[in-house]
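# Close look at the chain arrangement
The chain contents come next:
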Amino acid sequence: MTGGLRIGRILGIPIYLHPTWFLVFLLISFALAAEVGMRFPDWPDAARYVAGGAISILFFGSILLHELGHSVLAQRHHVAVRSITLFVFGGVALMERDPDDARAEFEIAIAGPIVSAALALVFLAGLRALPEESAGAFVAWWLFRINLAVALFNLLPGFPLDGGRVLRAVLWARTGDVRRATRIAAGVGQALAYGFIAIGALQALDPRWLGVGRADGLWLAFIGWFLLSASGAAIRQVDLDASLEGLRARDLLAPIPARISAAEPVASFAREQVMRGRRWALVEDAGRLVGLITLSDVQRLDPDQWESTPVLRVATPADQMLTATPETPVRDILVAMGTRDVNQIPIIEHDQVLGAVTRETLVHALELRRLSG
Ligand SMILES: [Zn+2]
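The structure presented is a predicted model; accordingly, all values stated were derived computationally and were not measured.

Next up on the list: the overall build of the protein. If you tally the helices and strands in the protein, you get 12 helices and 10 strands. Projected onto the principal axes, the alpha-carbon positions of the protein cover approximately 75 × 55 × 40 Å. Residue pairs in contact within the protein that sit at least 24 positions apart in sequence constitute 59% of those at least 6 positions apart. For the protein, the exposed area adds up to about 19,800 Å²; of that, 60% sits on carbon and sulfur atoms. Side-chain charges of the protein comprise 34 positive and 36 negative groups, with the mean position of each set lying 3 Å from the other.

Right, dumping it as structure tokens:
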């Protein structure tokens, strides 16, 4: 759940609005406009919609602060945060890797709900300070309630909710076994998810059941479905980690398919390398590594310019290339490929490129390990 429209950068972290966010922003703004209309019947339509949109923005501002809470602690524990994305179910801070120890996991996980609870207290204080029945008091009341709900919901102990991460941290600290801790916490996540789906479906079928709307039931079931897929993915990830145990880059080293000179035109890479089924090549200048070019770099360039553009111009420069050493654990390589969206990582030792780990060799190794049990 990343990508979308980039709206800025905070603490060095790019902030994105996912396409699904716009939908939920409109839904919440319209619902709030309707509520404002009931409370303040003499307000003109335009004022109701402006108020609805403004409260909605304050709500998503609160969600952003929750994610920044996780991010500040992550950075303090030397876990890089690649992005924060607001989407249909709230926000997500994408971390480059899991924290190193249970204590870091606990602090990063609990920081978000603490921010939401603190915001709830701030809005509660505002509610107390503002005159009753005023527009300001309505805004403070709504934001108090929603931030409290965000804090409590996220503290449910199912991984990957924040509470599930707290549970994982506690189990991890007690047993020293992060995989077992993840399996248990994600198992609770799956159980919660089935509960949400069942309760939500019953509510959607019969609104008298909980006394709220059918749409609320559908929404709960939808959240359950999302949680189910996320906790299932966490369990699969643990199984994958177990199967990659002990493997290092040197065990999966594949040869470099081709080396191409920096001044060669893109056309010759397209013609000679791609025609031979090679999807990427190292770019060299007088025997020195200066970059890496892939088929997708070529596809971004207008074919009319292939003859006149040197490969170095479209290649990823050496200083931005993702590389690893022969001793890098394969698990880290897999994570890096996923977060940086690359298919090959050159393996370098003492300034010498020994070869590369590619997605193909990885898939092969996984398949072999699976077959050999
Ligand atoms: Zn959170």
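The zinc ion binds to the protein through H66 (NE2), H70 (NE2), D162 (OD) and D162 (OD); the donor distances cover 2.0 to 2.7 Å. Around the zinc ion, the 4 donor atoms sit at angles spanning 53 to 151 degrees, and that spread fits a shape best called irregular. Counting residues between consecutive donors of the zinc ion along the chain gives the motif H-x3-H-x91-D. In this pair, H66 sits in helix α2 (residues 45-76) while D162 sits in helix α5 (residues 162-175), placing the two residues 96 residues apart along the sequence. Residue H66 is classed as buried on the basis of its relative accessible area of 3%.

This part is about the domain arrangement of the protein. How big an interface is tends to be reported as the loss of accessible area on association of its parts. Per the domain assignment, the segments of the protein are domain 1 (5-155) and domain 2 (249-371). Spacing between the C-alpha centres of domain 1 and domain 2 amounts to 40 Å.

What the 4 strands build is an open sheet, ordered β5-β6-β7-β8; its pairing is mixed. Among the strands making up the open sheet, the edge pair consists of β5 (259-261) and β8 (316-317). Both strand β6 (residues 280-285) and strand β7 (residues 288-294) contribute to a ladder of 6 bridges, which runs antiparallel. Within the sheet, the bridge partner assigned to E284 lies in β7 and is L289.

So, on to the packing of aromatic side chains. With the rule as written, the count across this model stands at 18 aromatic pairs. Summarising the aromatic geometry, the rings of F25 and F60 are spaced 6.5 Å apart at their centres and angled 55 degrees between planes, so their arrangement reads as tilted. In this pair, F25 sits in helix α1 (residues 19-39) while F60 sits in helix α2, placing the two residues 35 residues apart along the sequence. Of the two residues examined, F25 and F60, each falls in the buried class. Three or more aromatic residues joined by ring pairs make a cluster, and in this case those are W21, F22, F25, F59, F60 and W142. The residue whose ring lies beneath R39 is W141, and the NZ or CZ to ring-centre distance is 5.1 Å.

Okay, the packing of α5 against helix α6 (residues 178-205) next. With their axes 8 Å apart at the nearest point, α5 and α6 run at an angle of 145 degrees to one another. You can see that α5 and α6 cross each other, and the crossing is right-handed. Contacts between α5 and α6 pair G164, L167, R168, L171, W172 and T175 from the former with V178, R180, A181, T182, I184, A185 and V188 from the latter. In the contact of α5 with α6, the residues fall into 8 nonpolar, 3 polar and 2 charged.

Right, let's get into the sheet that holds strand β4 (residues 90-95). Strand order in the open sheet formed by 4 strands is β1-β2-β3-β4, with mixed pairing between adjacent strands. In the strand order of this sheet, the two ends are held by β1 (5-10) and β4, each with one partner. The mean inter-strand angle of the sheet, taken between neighbouring strand axes irrespective of direction, is 20 degrees. Relative to strand β2 (residues 13-17), β1 runs antiparallel, the two sharing 5 bridges. Of the residues in β2, the one forming a bridge with I10 is I13. Across the face of the sheet, α1 comes into contact with β1, β2 and β3 (81-87) while running at roughly 40 degrees to β3.

Rules behind the numbers
Residues numbered from 1 in each chain as written. Predicted model: local features only at pLDDT ≥ 70, side-chain atom pairs only at ≥ 80, totals over all residues. Heavy atoms only, no water. Helix = DSSP H or I, 4+ residues; strand = E, 2+ residues; numbered from the N terminus. Contact = heavy atoms within 4.5 Å. Areas by Shrake-Rupley, 256 points an atom, 1.4 Å probe, with all protein chains shown as cover. Lys, Arg positive; Asp, Glu negative; His and termini not counted. Charge placed at Lys NZ, Arg CZ, Asp CG, Glu CD. Donors = N, O, S within 2.8 Å, 3.2 Å for Na, K, Ca; no water. Tetrahedral: all angles 85-135°; square planar, octahedral: opposite > 155°, others 65-115°. Buried < 20%, exposed > 50% of the residue type's maximum accessible area, 1.4 Å probe, protein only. Domains from an automatic or database assignment. Pairing = 2+ DSSP bridges. Phe/Tyr/Trp six-rings, centres within 6.5 Å; stacked < 30°, edge-to-face > 60°. Lys NZ or Arg CZ within 6 Å of the ring centre and 35° of its normal. Axes fitted to C-alpha atoms, helices over the stretch in contact; angles between N-to-C directions. Left-handed = near helix turned anticlockwise from the far one by under 90°. Nonpolar A, V, L, I, M, F, W, Y, C, P; charged D, E, K, R; others polar.

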